[in-house]
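Observations on the model geometry
Single-letter residue listing:
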Amino acid sequence: MIDELSKKGIRISLDAEEILRGEAELIDAVVALNKPFITKEDVERIIKEKEENEREERKEKEKAVVVQRGEKPPLAKEYDADIQIDYKRDITGKSRTTGKVENFIEYFRNRYKRMRRLFMGGKSGYSEMNLSELKNRNTEKVRVVGMVYKKSTTAKGNILVIIEDLTGTYKAVIPKNNEKIFEEATRIVKDDIIAFYGKVVHPLLIVDDFEWPDVPLQRERKKSERDLEVAYISDIHFGSNKFLGASFEKFTNWLKKNHRAEKVKYLAIAGDIVDGVGVYPNQEKELVVKDIDRQYEMFDDFVSMLPEYISVIVIPGNHDAVRRGEPMPAIEPDFIKSDVVRAGSPARISIDGVPHLLYHGTSIDSFIASIPKLSYTRPEEAMKEYLTRRHLSPFYGENPIIPEEVDYMVVDEVPDVLHVGHVHKNGYSTYRGTLLINSGTFQAQTEYQIKQGHVPTPGEVPVYNLKTAKLSTLRFA
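Residues numbered from 1 in each chain as written. Predicted model: local features only at pLDDT ≥ 70, side-chain atom pairs only at ≥ 80, totals over all residues. Heavy atoms only, no water.

**Regarding the pattern of salt bridges**
If charged atoms from side chains of opposite charge come close, those side chains can pair. Applying the stated criterion across every chain, the model contains 33 salt bridges. Across the salt bridge formed by Lys 40 and Glu 44, the nearest N and O atoms sit 3.9 Å from each other. Here the residue Lys 40 and the residue Glu 44 both occupy positions in helix H4 (residues 40-63), the gap between them amounting to 4 residues, near one helical turn. The exposure class of Glu 44 is partly exposed, given its relative accessible area of 38%. Between Glu 184 and Arg 187 there is a salt bridge, with the nearest N and O atoms lying 2.5 Å from each other. On the basis of relative accessible area, Arg 187 is assigned to the buried category, the value being 16%. Each of Asp 86, Arg 89, Arg 114, Asp 412 and Glu 413 takes part in salt bridges that share partners, so that together they form one network. (Salt bridge = Lys/Arg side-chain N within 4 Å of Asp/Glu carboxyl O. Helix = DSSP H or I, 4+ residues; strand = E, 2+ residues; numbered from the N terminus. Buried < 20%, exposed > 50% of the residue type's maximum accessible area, 1.4 Å probe, protein only.)

Structure (structure tokens):
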């Protein structure tokens, strides 16, 4: 090879010559440089370009679904994707808050006005009132809708709730001898918006009953006419030393090669794509990849290996490169460069005509800490609270919330599928017609989880058929 290049009038440095020995296939590339003198750097650049081209060729081969003679192509390949994002209720590109008092006032007013409209018709025998009117309605039975400002227990063991609306504040008492509602009242949390029924004994409202906005009892879940499926994952944590690469590779290969996956048209990812950098103290000790860009490159590499007909939907989590406060905007294309559908958290998305609500689930921690009987072992029970309260993070201050002009965490319209992650624990249930999915993780148990006694369920992937409304779970760990 060296003699051939010499005949062409091309000289080579000694260190370049050492690299080129045994690399006869590079001769054309060296000649193509059209340089009289070839350095070590020139050769290294040629080799790097060759390796990159080979890598791209491998990815293209892996993406292609090989159809053997006599076999049909995967069913999902026959259809175009049908994904509709409700951009009106997605924070991405719309944040205008400056953190002033006026922003907070507007935020809570927006929440109250919208959520008040969610309450069904009141019970007969109770007059609808604003709080400012109660002082003139002594002994009357009334219904009021208020936001919980404070909850405490009186010396006699009753529950005292200070509530407020747009007209004023008032004290509501839930008597301990009202067994029907007293235990239920232990679930009331700060900033809940609740309808209270009771008798005015000024300056108190003695509560007979109360209710959250909740969702209608009778709801029929929508179905797609196409026999397609969605796979749901979250909390991958690329870059973590606890990332389960082998399990994730099994999942990737299943999507590419397994006949069972032929109907999977969509992959919905509910945040924490990467482990991030500087998310918590001393995190660098638990990272194998300490560069955030490289972590997202690992995700892009994964997307590049998927069959080209699978549409990937991505929302952020608290480990991703977005602001910590909620609602979170979509992850910027500077980080995720692959061709995916990016949305904020929360995101309202129609997938093949089936309404989805995707939310990372950061507030689950606050729900579990604040409401009796909730635990990390049953995350779907905490998810029911989202629908009962029609809000994804009611308690301001517990979970970082950005006071926008619009409260994007209000659940105005009830989804058919609520997909959440964050707690690394798979959980499924149905609540009044809505399918609840917590999609677990691809990260092994962390030191923090060990200390908390929290046992994750890594490598479990729920798959939902949009036509039959059947949910199944596959295990890759």
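**Side note on the pairing of strand S9 (residues 204-211)**
Taken together, the 3 bridges between strand S7 (residues 169-174) and S9 define a ladder with parallel strand orientation. Among the inter-strand pairings, Lys 171 is bridged to a residue of S9, identified as Leu 204. Between strand S8 (residues 193-201) and S9, which pair antiparallel and follow one another directly, the connecting turn spans 2 residues. (Pairing = 2+ DSSP bridges.)

**Comments concerning the layout of surface pockets**
Of the volumes computed, that of the largest pocket is approximately 820 Å³. Lining the largest pocket we find 29 residues, and of these Asn 318, His 319, Asp 365, His 422 and Tyr 448 sit closest to its centre. Contributing elements (two or more residues each) for the lining of the largest pocket: helix H9 (364-370) and helix H11 (447-452). By residue class, the composition of the lining of the largest pocket is 7 nonpolar, 13 polar and 9 charged. (1 Å grid on protein atoms, 1.4 Å probe; cavity = no way out; pocket = protein on both sides within 12 Å on 5 of 7 lines; lining within 4 Å. Points joined across faces, edges and corners; volume = space filled by probe spheres on them. Nonpolar A, V, L, I, M, F, W, Y, C, P; charged D, E, K, R; others polar.)

**What about the pairing of strand S15 (residues 354-359)?**
For S15, the tally of buried residues reaches 5 of 6 residues, placing the bulk of the element in the interior. Judged from the 5 bridges that link them, strand S14 (residues 347-351) and S15 form a sheet pairing that is antiparallel. When the bridges of S15 are listed, Ile 351 appears paired with Val 354. Counting the residues between successive antiparallel strands, the hairpin from S14 to S15 contains 2 residues, one of them, Asp 352, with a positive phi of roughly 55°. Two elements, S15 and strand S16 (residues 417-420), share 4 bridges in a ladder whose sense is parallel. Of the residues in S16, the one forming a bridge with Tyr 359 is Val 420.

**What about unusual backbone geometry?**
A negative phi angle characterises most non-glycine residues, just as the trans form characterises most peptide bonds. Here the amide bond leading from Glu 326 into Pro 327 is cis, since omega sits at 5°, within 30 degrees of zero. Within the fold, Pro 327 resides in the loop between strand S12 (311-315) and strand S13 (341-342). Backbone geometry places Arg 390, a non-glycine residue, at a positive phi of 55°. Take Arg 390: its relative accessible area is 5%, and that puts it in the buried class.

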